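Report on the structure
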Amino acid sequence: MLHISDTVCSCSAVEQLPTITVHPPKSLIALPFDESITLTCEAKGNPKPVFRWTKNGQDFYPHLENKLIKFENSGSFVIPNNKGLAKYQGKYRCYASNKLGTAVSEETDFTVPTPPKFPKERIEPVVVKEGDSVILECNPPKGTPPVQLYWMTMGLQHIEQDERVSMGLNGNLYFSNTLVKDSRSDYCCFASFSAIRTIVQKTAMAIAVTPLTLPCVASGLERKPNLLVPSGDQSQINLVTGEELELECISEGFPTPKIEWTKLGEKLPKRSNIKNYGKLLTISKVTEEDSGKYMCKAKNSVGETVHYFHVEVEEPPRWIEEPVRTQVVTIGSDVHIKCHAAGKPPPAITWLRDGKPLHGEWTPTQSSDLVLYFHPPVYQHSLSNDTGVYQCEASNTHGTVLATANVMVMNHPPLILTRDYLEYATVRGKSVTMDCRVFGSPPATVHWRREDPEGSVEEERFSIHENGSLQIHTAEVEDMGKYMCYATNSQGTASISHLSMTEPTRIVVPPQDMEVRRGSTAELECQADMDQSLREDLEILWRKDGIDIYSNFTDDSGYVPDPPVRLFLSDLRDRSVRLHWVPTKDHNSPVKEHIIEYEENHWDPGKWKPLLRVSGNQNSAPLSLYGHINYQFRVTAVNAIGAGRPSKPSERYKTPPAAPDRNPENIKIEGHVPHQMHITWKPLLPIEHNGPGLEYKLSYRQLGVEDTWTEHTMERHLFVVKDTPTFVPYEIKIQARNHLGWAPEPRVVTGYSGEDLPLAAPEDVSVVVLNSTLLRVSWSPIPQAQLRGHLGGYSVHWWRTRSLLTSKEVPAEKQFLTLTGNRSHTMVPGLKPFSEYRLTVNVFNRRGNGPSSSPLTFTTPQGVPERPPILRATNPQGDSITLVWAPPLEANGILTGYRLQYQLINETMEVDEAHTVNISGPDTTQLVLPNLKLHSQYQFYLSACTVVGCGPAVSEEEGTVRDGIWRISEAVNTSQSFHVIEGLEPETVYTVRLLASRWPDNSSLFEEVFTTRGKGMAGVSESISSRGWFVGMMCAVALLTLAVLIACFVTRNKGGKYAVKEKEDVRMDLEAHCVQEETSGEYSDSDEKPLKRSKRLLEGDVSGDDTSVDSSVDYEDEDSEFNEDGSFIGEYAGHKRKLSAEVNGHTTMTA
């Protein structure tokens, strides 16, 4: 095994060129309310840099100025804002020097503005004739930008401006022509300097307009346009990329001229905007494509005039290729410093070394190439005195950029970076490589020698690589010992390494083939023999079919790593540090990653938070930090088992305070109520404050209307703007600051003020009825001005007013459909056929619903009827079945009749060809179907129909009876309690029915199947049948049943009413009697049972199953009655069914 430990190199002795780390700002303006002004300049280097300043090109010594505040080991100084501040105005540059060279900062322009004032003067009144043009000059004083100009009266009323009267960019007030109403003596120009919170006023001016007589007005008042601004026929405008282009044309004339803008040869850019009543053309954030020739035309009914603007968009210098910031080279090598800049006009390149211009053989030449690639200086065979800081400065009329290249020419004796006495171990017969990493200037020569015992490394088994490493290809026991690496240039040093040899590891007991029973345990043994020095590092790997199944076989496997130790910090900077640690035991599971956490003792003391995750093979990491935080750090190692315990905390490191790095995010602008705008944002985290005194500056202005920002400073993260117009766009920006300064310039977001309910209803509402249940509705969208908020969508409401079948009004049950977004049509489903509806549409925003459109009335056409609620097959005969049904609950139109289909079902449940019967009578509810097959099962399907078609069908299954001869007895008197049937054949199956003679559908009151006895039992049968008690009992039961039913029938015909439950109880009693008689055992053999179908129907009747005709129907006694033919009278309505009192007709076939 090979053991290697890298050495941590202390860089305290390594010399470094100075580098400016914090430049002073390019521009500084001393504002009256600033307590002080700071010129910053920080640098790094070794030795520590010494700072000096120049002011206006002359040496300036801050340490000699008693009023200034200086800092130790820093080039920054503070100028207090008190008397005598003006003497410090000028252009400053900072220099940081050590013995290796000098770094130069960018130039800072420090301005101390004087308070702006209008001169005190007496201005004579301007006397003009009516119709003449007038210019009132403002000539605002110079001051700290930005400046806003406006014209008001002495009573602080704004001068009304329009196409005739307007203010120019220079602040002058222009009258294209005057009217008598313009006469007044209090025209005042005001200048507002928001940065210094100052407003100054110019002396009031007067205009006296002399009215013209009527003849003069008619004759000489009209005149063609003449431009007041700009003068001449054309102008040249130069500006920088990203700036705003402003072109202004103000004309005089009568009638008042109108201004038109064009760009010759192409359209105006989309970013263009015409302001100030057409007199000002602006283009924001101009690019090179905006260059060209623009024309303004002023015209009226008398004539026109034009002016041309030649616009040239230029750009300040920018780097195409900057010099490499740091180059460390050895003596004798060549150095190339590239400096490639672009700009418009092309920038001039100036080279400096240590802040001074380069001269002589190093002076670079400028290429004539338009790309402006400057041939860099090339130092042939560099010397140590070439070390220095080289600056490349690119300048044109729009600015200057400065790039720095640090060239460090090293002259260093050989430095062996590999740690001394590094031990190597290998297995006999294997290869081993011993390192010797060397740094030197000029490059050093490396060679090896064997010291103990002495020997040569010149054999074939030894080779020295270019990086200085010595490799032994096949190690032997005699190779053990000490080896020395020599590195030589001007002087040498040595690094001693020790090589030890171990015996190879062998498997002495390999696993054996095994056969085991499934589900049992199998143990495979593997014993190894190794060198005792490698015992702790033994690792046994198992594989199954070439795939690892067990990867670690050491005594301490399965544990998390031990915590790292020896945490320390290096490269301490204002906003970063490097954390180092030393890994410990990983318990034979390699460390996958290190988790670095931090704790600070101000905002959340005692709570550790994750900061960074790095790879497991790292033992140091750079950490980015926030300002004004007292940090300490700890490290946790993680392997495949899990995370170990954290290390002990590092020493604390407190970063200096600084301005905030960023501004708040997630700005939300909401209008919860009209005339208000709620602005909220996500505040900075406490750790992001970077210093004390954090607060926010909220700025807002109405988009496209206001030029000046309204500003509020606060510590909270909520603000309500009141008295806003309803739903108008605003620009909002929020900037953070603390006692150290402002965060970067914030981005501008757009939001809207409070919403109100929409004012208008959708117009042009129309419908197209697509079918009996579907409708297409469309409308015209609401204009944005009447929406008064963010469009939420549209709502469609509809309700049914009446049925066209009955012409009866129905209760209004409103339904609605909500559509989000900008929609102008939709589909309305689920309508009822043959009905009248009304429909409205309304728009809604976040505030609520707007007014509904006028109700639109429409009707739906007829549709197909619903399924008939019930179909019963009754009174089956040998070749016919009677069908009874109820009309559908919803006809969905005018019924034209019914469609009946039926199919024959054979014994294998297969169906025959379907037969169709069209029933034309819409009021028909009963049909006798003839010409059916004997003893056959049929499936019936019944649909109701309108002119549109037939609806879904209801089905029923029934069969015809076998072909038998029915014998009818004489009429039985209701007073009789029994009846004797004679002349029956022995061992024959009979069916007996008890019928009511006047019931219309001949349905049976009682039905039973029995088998007569054989001849051997004739005596017994004859004995039983001759016994009067038995015959009497049977007849009594039959007559009693007949009497009860006749009584009920008579009562019903007289208008009486009886409950369904009472009728069901009577039927249940009758069936109970039948069952009792069937099981008495005296009339037939005990093993003779009714046929299966009779039994199923009987059980269905008793249980009240829906498949039973008798007990599955509800009756509406008040309205339901039967005609003599058995058909229904009355209307089927609701969930109740109107059927006959009894619809049975199930016939048991005899054998």
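Residues numbered from 1 in each chain as written. Predicted model: local features only at pLDDT ≥ 70, side-chain atom pairs only at ≥ 80, totals over all residues. Heavy atoms only, no water.

**Topic: the sheet that holds strand β59 (residues 665–670)**
To summarise the sheet geometry, strands pair through backbone hydrogen bonds and adopt either a parallel or an antiparallel arrangement. Across the sheet, which stays open at both edges, the three strands sit in the order β59-β60-β63 with antiparallel pairing between neighbours. The open sheet is flanked by β59 and β63 (718–722), the only strands paired with a single partner. Along the sheet, successive strands turn relative to each other by an average axial angle of 15°, direction set aside. In the sheet, β59 pairs with strand β60 (residues 676–682) via four bridges, with the strands oriented antiparallel. Along β60, the bridge assignment pairs I669 with I679. (Pairing = 2+ DSSP bridges. Helix = DSSP H or I, 4+ residues; strand = E, 2+ residues; numbered from the N terminus. Axes fitted to C-alpha atoms, helices over the stretch in contact; angles between N-to-C directions.)

**Here's the deal with the side chain of S936**
Checked against the element boundaries, S936 lands in the loop between β78 (926–929) and β79 (937–945). Using a relative accessible area of 11% as the deciding quantity, one classes S936 as buried. Polar side-chain contacts of S936 include one of 3.0 Å to the backbone oxygen of L934. Filtering out sequence-adjacent residues up to four positions away, S936 remains in contact with L904, E958, G959 and T960. (Buried < 20%, exposed > 50% of the residue type's maximum accessible area, 1.4 Å probe, protein only. Polar contact = N/O pair within 3.5 Å; in protein donor to acceptor, adjacent residues only side chain to side chain. Contact = heavy atoms within 4.5 Å.)

**Let's talk about the environment of M154**
For M154, the position within the fold is in the loop between β14 (147–152) and β15 (165–167). On a C-alpha basis, the gap between M154 and T203 in space is 10.0 Å, while along the polypeptide they are 49 residues apart. If sequence neighbours within four positions are ignored, M154 has contacts with D186, C188, Q201 and A204.

**What to know about the pattern of salt bridges**
Inspection of every chain in the model, using the stated rule, returns 31 salt bridges. Between E711 and K697 there is a salt bridge, with its nearest N and O atoms 3.9 Å apart. Taken as a pair, E711 in strand β62 (residues 710–714) and K697 in strand β61 (residues 695–702) lie far apart in primary sequence, 14 residues in all. The closest approach of N and O atoms between K733 and E745, which form a salt bridge, is 3.3 Å. With a gap of 12 residues between them, K733 in strand β64 (residues 729–738) and E745 in the loop between β65 (741–742) and β66 (749–752) connect regions that are remote in the sequence. Its relative accessible area of 15% is what places K733 among the buried residues. A relative accessible area of 58% means that E745 is categorised as exposed. Ionic contacts of the salt-bridge type, sharing partners, join the residues E288, E312 and K344 into one network. (Salt bridge = Lys/Arg side-chain N within 4 Å of Asp/Glu carboxyl O.)

**Quick notes on unusual backbone geometry**
Note: most peptide bonds trans; most residues except glycine with negative phi. In this structure, P255 follows F254 across a cis peptide bond, with omega equal to 0°. With respect to the helices and strands, P255 occurs in the loop between β23 (250–254) and β24 (258–263). Of note, the amide linkage connecting K344 to P345 takes the cis form, showing an omega dihedral of 0°. Considering the arrangement of structural elements, one finds P345 in the loop between β31 (339–344) and β32 (348–353). With phi around 55°, N73 is a residue other than glycine that occupies positive phi space. For N73, a relative accessible area of 57% translates into the label exposed. Although it is not a glycine, N875 sits at a positive phi angle of roughly 50°.

That is the geometry; function is a separate question.
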